[in-house]
Amino acid sequence: MGGYMETEARHVPVELELEEKISIIAASCMLIGMRLHSLIFASLSHTPFVAISYDPKIDSFAQLVNQPIGANVNESNWSENELYEIVNDVYENVDDYHSLLKNHVEPLKRDALQTAQLALDTFQ
């Protein structure tokens with residue numbers, strides 16, 4: 001397996017402020033994550049991701065924004081080599097995944113804002 005990283009991988013410390021975590025995700029070229037909030041933050045900043053699923057909500061969100069699921073930890077039908085291939089595909093095609101993510105997320109953001117505005121209009 002090839003090595004693309006110029007520096008060591010790092011995890012984001014739990015004690016960082018939310019804004020700092022979001023900033024780090026937004027500055028990344030891609031994310032490998034299994035927590036829903038990290039995937040949502042990546043999506044909002046159009047940072048491509050590979051989901052590691054443990055729950056149907058992870059699968060549903062990744063499918064909603066058309067990003068790959070690298071593995072489901074509750075199943076045994078995946079291997080580290082398959083996960084590597086998926087991560088490598090995203091890394092080597094990061095611009096395509098970025099555009100794909102942007103094209104899926106922007107309409108969702110618009111719909112969410114319209115729904116919020118409808119709710120506000122209804123209760124005024």
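Residues numbered from 1 in each chain as written. Predicted model: local features only at pLDDT ≥ 70, side-chain atom pairs only at ≥ 80, totals over all residues. Heavy atoms only, no water.

- Under an unreviewed UniProt entry, the protein has the name CsaB protein and belongs to Gracilibacillus boraciitolerans JCM 21714.

## Re the packing of aromatic side chains
No. 1: All told, the structure shown has one aromatic pair when counted by the stated rule.
No. 2: For the ring pair Phe49 and Phe61, a centre distance of 6.3 Å and an interplane angle of 10° mean the geometry is stacked. Within this pair, whereas Phe49 is found in strand β2 (residues 49–53), its partner Phe61 is found in helix α3 (residues 56–64), the two being separated by twelve residues in sequence. (Phe/Tyr/Trp six-rings, centres within 6.5 Å; stacked < 30°, edge-to-face > 60°. Helix = DSSP H or I, 4+ residues; strand = E, 2+ residues; numbered from the N terminus.)

## Comments concerning the pairing of strand β3 (residues 69–72)
No. 1: Examined bridge by bridge, β2 and β3 share three bridges and lie parallel to one another. In the sheet register, Ser53 faces β3, and the bridge partner there is Asn72.
No. 2: Regarding the hand of the β-α-β motif, the stretch spanning β2, α3 and β3 is right-handed. (Pairing = 2+ DSSP bridges. Right-handed = clockwise from strand over helix to strand, strands pointing away.)

## Section: the side chain of Asn72
No. 1: Within the secondary structure, Asn72 is located in strand β3.
No. 2: There is a polar contact of 2.8 Å between the side chain of Asn72 and the backbone nitrogen of Asn74.
No. 3: In this view, Asn72 contacts Ser53, Tyr54, Asp59 and Trp78; residues no more than four positions away in its chain are not counted. (Polar contact = N/O pair within 3.5 Å; in protein donor to acceptor, adjacent residues only side chain to side chain. Contact = heavy atoms within 4.5 Å.)

## A few points about unusual backbone geometry
No. 1: Phi at His46 takes a positive value of approximately 60°, unusual for a residue other than glycine.
No. 2: By secondary structure assignment, the location of His46 is in the loop between α2 (36–44) and β2.
No. 3: According to the relative accessible area criterion, His46 is buried, its value standing at 12%.
No. 4: Positive phi, normally seen in glycine, also occurs at Asn66, with a value near 60°.
No. 5: Mapping Asn66 onto the fold places it in the loop between α3 and β3.
No. 6: Looking at Asn66, the relative accessible area reads 35%, which means it is partly exposed. (Buried < 20%, exposed > 50% of the residue type's maximum accessible area, 1.4 Å probe, protein only.)

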